[in-house]
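What follows is each chain in one-letter form.
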Amino acid sequence: QDEFEGDTAASEEIGTEEGLQEVLAEEAEAPAESASCARRSPVSCIALSGFPPDERQMMTSLVRTVSPSTRVLDSTAPPDARVSHLCVAGPRTLRVLFSMCRQDTMIVKPSFLYASLEAGGWVDAQPHLCGRFAKGKGKLPPGQVVCIGKLGQGDPPAGQVAKLALAAGAVLSRQAGSSGLNVGNGTGGARSAARGRHVSAKEFLDLIEGA
């Protein structure tokens, strides 16, 4: 359950089956949020992940004190929205995994914000990178074929999982039988007949984090 903490509201906006079909049809077009968060400065847009509501408010105020021009992404924004920096506290979230798949997002610890506040401006992020969630680490083998099946209760929407698979370099397939990696629950003969490896949604997220 911790994988989706902090992103629940945004994730619920995409229905499980409809979201998946939309992603497959549109080839996971870049979200509108991307353009508004395009880099205009070294720290142009920050997202916060894993912070309790009271701490989130405090960290948002801290960012605005350091640089009023730096945008803080709203918590209801889709987890795949692009940002220049992601500040992480606590468990893994979908927002973290999307950022891991990209080369243009720096995933930092809260110390980055505190150090910048003390310095009166943005400091070098390198000493404050969150090692566990190294940027660009979340990649699947090139050409990995993935089929997103029926996900269980408590799993993120299939549409978001499909977008994450694409961000990690996967090729989406509608047919489980043609996939090397089948995500979700199959039943009866359908699961037995499908070739490839079967994993749960959580196991799939683990694969991306550890890729």
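This is a predicted model, so every value here is computed, not measured.

**Looking at the environment of phenylalanine 98**
Along the polypeptide, phenylalanine 98 turns up in helix α5 (residues 94-100). Each C-alpha atom of the pair phenylalanine 98 and glutamine 160 lies 9.9 Å from the other, and the pair is 62 residues apart in sequence. Apart from residues no more than four positions distant in its own chain, phenylalanine 98 is found in contact with Pro79, Asp80, Gln160, Lys163, Leu164 and Ala167.

**Here we look at the pairing of strand β1 (residues 45-49)**
A regular strand places its side chains so that they alternate between the two faces of the sheet. In terms of residue burial, β1 counts as a mostly covered element, since five of its five residues are buried. Because side chains alternate across β1, one face comprises the buried residues Cys45, Ala47 and Ser49, and the other comprises Ile46 and Leu48, equally buried. In the sheet, β1 pairs with strand β2 (residues 71-72) via two bridges, with the strands oriented parallel. Bridge pairing in β2 places isoleucine 46 opposite valine 72. Handedness of the crossover joining β1 and β2 through helix α4 (residues 53-66) is recorded here as right-handed.

**Concerning the sheet that holds strand β3 (residues 85-88)**
Strand order in the open sheet made by the four strands is β2-β1-β3-β4, with parallel pairing throughout. In this open sheet, the two edge strands, each paired with only one partner strand, are β2 and β4 (106-108). Where α4 meets the sheet, its contacts fall on β1 and β2, and the angle it forms with β1 comes to roughly 160°.

**Describing the state of the cysteines**
Two cysteines form a disulfide when their sulfur atoms are joined by a covalent bond. Inspection of every chain in the model, using the stated rule, returns zero disulfides. In this model cysteine 87 remains outside any disulfide bridge; the closest cysteine sulfur is found in cysteine 130, 9.0 Å from its own. Given the relative accessible area of 1%, cysteine 87 is considered buried.

**Details of the sheet that holds strand β5 (residues 145-148)**
Across the sheet, four strands lie side by side as β6-β5-β7-β8; this open sheet has parallel pairing. Looking at which strands have only one partner, the edges of the open sheet turn out to be β6 (171-172) and β8 (197-199). As defined by bridge partners, strand β7 (residues 181-183) adjoins β8 across three bridges and the pair is classed as parallel. The residue bridging valine 183 from the neighbouring strand is valine 199, located in β8.

**Some words on the packing of aromatic side chains**
What the rule picks out here adds up to one aromatic pair. Between phenylalanine 112 and tryptophan 122 the ring centres are 5.4 Å apart and the planes differ by 10°, which places this aromatic pair in the stacked class. Remark: tryptophan 122 occurs in the loop between α6 (111-119) and β5 and phenylalanine 112 occurs in helix α6; sequence separation between them is 10 residues.

Reading the values: the criteria
- Residues numbered from 1 in each chain as written.
- Predicted model: local features only at pLDDT ≥ 70, side-chain atom pairs only at ≥ 80, totals over all residues.
- Heavy atoms only, no water.
- Helix = DSSP H or I, 4+ residues; strand = E, 2+ residues; numbered from the N terminus.
- Contact = heavy atoms within 4.5 Å.
- Buried < 20%, exposed > 50% of the residue type's maximum accessible area, 1.4 Å probe, protein only.
- Pairing = 2+ DSSP bridges.
- Right-handed = clockwise from strand over helix to strand, strands pointing away.
- Axes fitted to C-alpha atoms, helices over the stretch in contact; angles between N-to-C directions.
- Disulfide = S-S within 2.5 Å.
- Phe/Tyr/Trp six-rings, centres within 6.5 Å; stacked < 30°, edge-to-face > 60°.

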